[in-house]
Amino acid sequence: MAADDHSKHRTTATALLPLLGGTANLLTVTHCMTRLRVEVRDPALVRGDGLRALPGVLGVVEDAASRPAAYQIVLGPGTVARVTPELRRLAGTGTAVTAEALAERGAALRAERGARNATPLKLLLRRVAQVFVPLIPALIGCGVIAGLAGLLANLHWAPALVPALTAIAAGFMALIAVFVGHQTAKEFGGTPVLGGAVAAVIVCPGVTHVHAFGHTLSPGQGGVLGALAAALLAVAVEKWCHRRVPESVDVLLTPFLTVLLPGLVTLYGLMYAAGAVSSAIGRCADWLLTGGGAAAGFVLGGLFLPLVMLGLHQALIPIHTTLISEQGHTVLLPVLAMAGAGQVGAALAVYVRLRRNKSLRKIIRSALPAGLLGVGEPLIYGVSLPLGRPFVTACVGGAFGGGFLGLLAQLGDPVGATAIGPSGWALFPLLTGGHGLGRAVAVYGAGLLVGYAAGFLATYFFGFAGHDGERAERQMAEKHRRSEELA
């Protein structure tokens, strides 16, 4: 079975390569939880229709206007992690970019900054998000351990084990600034260990002897935002030193200045400023739900699916991470997770309404487990988006689920998540609330049910547009038939 799976993933990669313009057209090949992400030299060589028709491809997001052109190919969880190394092997590329590719990317980025549009902002948000994406597995693992420790403490079980679990869960968060600094320098072209060294100043106990703006600093002040800013400054100083410092003393002087100058700026400016910003983010998030209530939750839950569709949802990762670092949890993630519930409800309505379409129902059955666990791309690109209206009604379901959680937060029952990454049912082990884990689970579970029901009803009664929906349905059935013929 393992050999068959390997052959299938190699076949998929082999089919993808010519559709992406061949080996010479690929600059980078990476992946996230569900998407294969590639950057290409010439978008004209990419055959988008062929990619969408390829068996196993659930959707394609094109960003041909960016420089370099980027494509996100939705393959689904698990599959993408196996197809990506096969494509890298075939293309002779990997996460590291060649000197030629770096030169092309740099020229393209300079041209991008000069353009009068929003693309540079999108590019910046994408790169900042990539700083935090590698940290998600550790956040998930530590979050689950923290939840287990809290559960054992509430049940008064294994009291000798609870402190050990708490220490394990807290260890990563205590040093998260160092990891953020390391990843920031790596992403923005600096020396990773120097970025981590500068960011480590933020969590150093010795900062209690430093006074800035009339206040004594405290370890961790500024959090991940301070670490991000410190490492970005370190990258800038390092690059400046490499250009100006003589080669004979570069190995000594550049690391010295890269750590010293940003370190001083971090202590006497960034920690205080980033700390204020982090606190403001926490207050704003609390106000959104306790003050905005149902209205705020309705908007947040309803708009999240379009962000996922565009791949911009990762821009929220720094905000979630900041909230977890400052407050121990993020109150935004459970509300945003309601978008996935609306998507599941919409898919179930399509399944019920189109009883005679066996191919479409098979797609829904295969994508539904991932949807229940909060991975929405298979249902988005495999079901709701091609049909049109069900995508809108899925957003309606997410809005009602988010509005429900927002209303209860306003009434004194806010729900938070101790880590980011999972959603849907997978978020249950990471939940926390002001009235205990049981109450948080009940509130979040009720929100999921509201999202399922609203998405189902909205789609069942308003999600079909006659001939347009039937035509999209026939196209999806034809794609599935070709998939079965090639299998």
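Here, every reference points to the structure presented above.
Predicted model, so just to flag it, every value in this text is computed and none were measured.

Turning to unusual backbone geometry, a few remarks are in order. Not every positive phi belongs to a glycine, and histidine 156 is a case in point at roughly 60 degrees. One can find histidine 156 in the loop between helix H6 (136-155) and helix H7 (162-174). With relative accessibility at 69%, the residue histidine 156 sits in the exposed group. Of note in the backbone geometry, alanine 158 takes a positive phi value of approximately 45 degrees without being a glycine. Relative to the assigned elements, alanine 158 resides in the loop between H6 and H7. Judged by relative accessible area, which is 38%, alanine 158 ranks as partly exposed.

Taken as a whole and judged by the stated rule, the model has five aromatic pairs. Ring centres of phenylalanine 172 and phenylalanine 179 lie 5.1 Å apart, and the angle between their planes is 40 degrees; on these two criteria the pair is classed as tilted. According to the relative accessible area criterion, phenylalanine 172 is buried, its value standing at 11%. Accessibility expressed as a relative area gives 38% for phenylalanine 179, which makes it partly exposed. Members of the aromatic cluster, joined through ring pairs, are Phe456, Tyr460 and Phe461. Here the basic side chain of arginine 127 rests over the ring of phenylalanine 188, its NZ or CZ set 4.5 Å away from the ring centre. Taking NZ or CZ as reference, arginine 361 lies 3.8 Å from the ring centre of tyrosine 351, over its face.

What follows is about the pattern of salt bridges. This model, assessed by the stated rule, comprises four salt bridges. In this structure, glutamate 86 engages arginine 89 in a salt bridge whose closest nitrogen and oxygen atoms are separated by 3.2 Å. Note that glutamate 86 and arginine 89 are positioned in helix H3 (residues 79-91) at a spacing of three residues, about one turn of the helix. On the accessibility criterion, glutamate 86 (8% relative accessible area) is buried. On the basis of relative accessibility, which here comes to 52%, the residue arginine 89 falls in the exposed class. Close ionic contact of glutamate 187 with arginine 127 constitutes a salt bridge, the shortest N to O distance being 3.4 Å. Of the two residues, glutamate 187 sits in helix H8 (residues 176-187) while arginine 127 sits in helix H5 (residues 119-132), which places them 60 residues apart along the sequence.

The geometry of helix H11 (residues 247-290) relative to helix H13 (residues 317-327) is characterised by a closest axis approach of 9 Å and an angle of 100 degrees between their N-to-C directions. Here H13 runs roughly perpendicular to H11, going by the angle between their axes. Contacts between H11 and H13 pair Ser278, Ser279, Ile281, Gly282, Ala285 and Asp286 from the former with Ile319, Thr322, Leu323, Glu326 and Gln327 from the latter. Considered class by class, the residues forming the contact of H11 with H13 number four nonpolar, five polar and two charged.

What follows is about the environment of glycine 438. Among the secondary structure elements, glycine 438 is positioned in helix H18 (residues 437-462). Using a relative accessible area of 55% as the deciding quantity, one classes glycine 438 as exposed. Separated by 287 residues in the primary sequence, glycine 438 and leucine 151 have C-alpha atoms spaced 9.4 Å apart.

With that out of the way, let us pick up the sheet that holds strand E1 (residues 26-31). The strands that make up a sheet pair up through hydrogen bonds in the backbone, lying either parallel or antiparallel. With antiparallel pairing, four strands are arranged side by side in an open sheet as E1-E2-E4-E3. Edge positions in the open sheet fall to E1 and strand E3 (59-63), since each of these has one partner strand only. Averaged over all pairs of adjacent strands, the angle between their axes in this sheet comes to 15 degrees, without regard to strand direction. Pairing analysis gives five bridges linking E1 to strand E2 (residues 35-40), with the strands arranged antiparallel. The residue of E2 that forms the bridge with valine 29 is valine 38. Each of E1 and E2 is contacted by H3, which is oriented at about 160 degrees to E1, the strand it contacts most. Packing against the sheet, helix H16 (residues 377-387) makes contact with E2, E3 and strand E4 (69-74), and its axis sits at approximately 100 degrees to E3.

Scoring rules and cut-offs
- Residues numbered from 1 in each chain as written.
- Predicted model: local features only at pLDDT ≥ 70, side-chain atom pairs only at ≥ 80, totals over all residues.
- Heavy atoms only, no water.
- Helix = DSSP H or I, 4+ residues; strand = E, 2+ residues; numbered from the N terminus.
- Buried < 20%, exposed > 50% of the residue type's maximum accessible area, 1.4 Å probe, protein only.
- Phe/Tyr/Trp six-rings, centres within 6.5 Å; stacked < 30°, edge-to-face > 60°.
- Lys NZ or Arg CZ within 6 Å of the ring centre and 35° of its normal.
- Salt bridge = Lys/Arg side-chain N within 4 Å of Asp/Glu carboxyl O.
- Axes fitted to C-alpha atoms, helices over the stretch in contact; angles between N-to-C directions.
- Parallel < 35°, antiparallel > 145°, perpendicular 65-115°, else oblique.
- Contact = heavy atoms within 4.5 Å.
- Nonpolar A, V, L, I, M, F, W, Y, C, P; charged D, E, K, R; others polar.
- Pairing = 2+ DSSP bridges.

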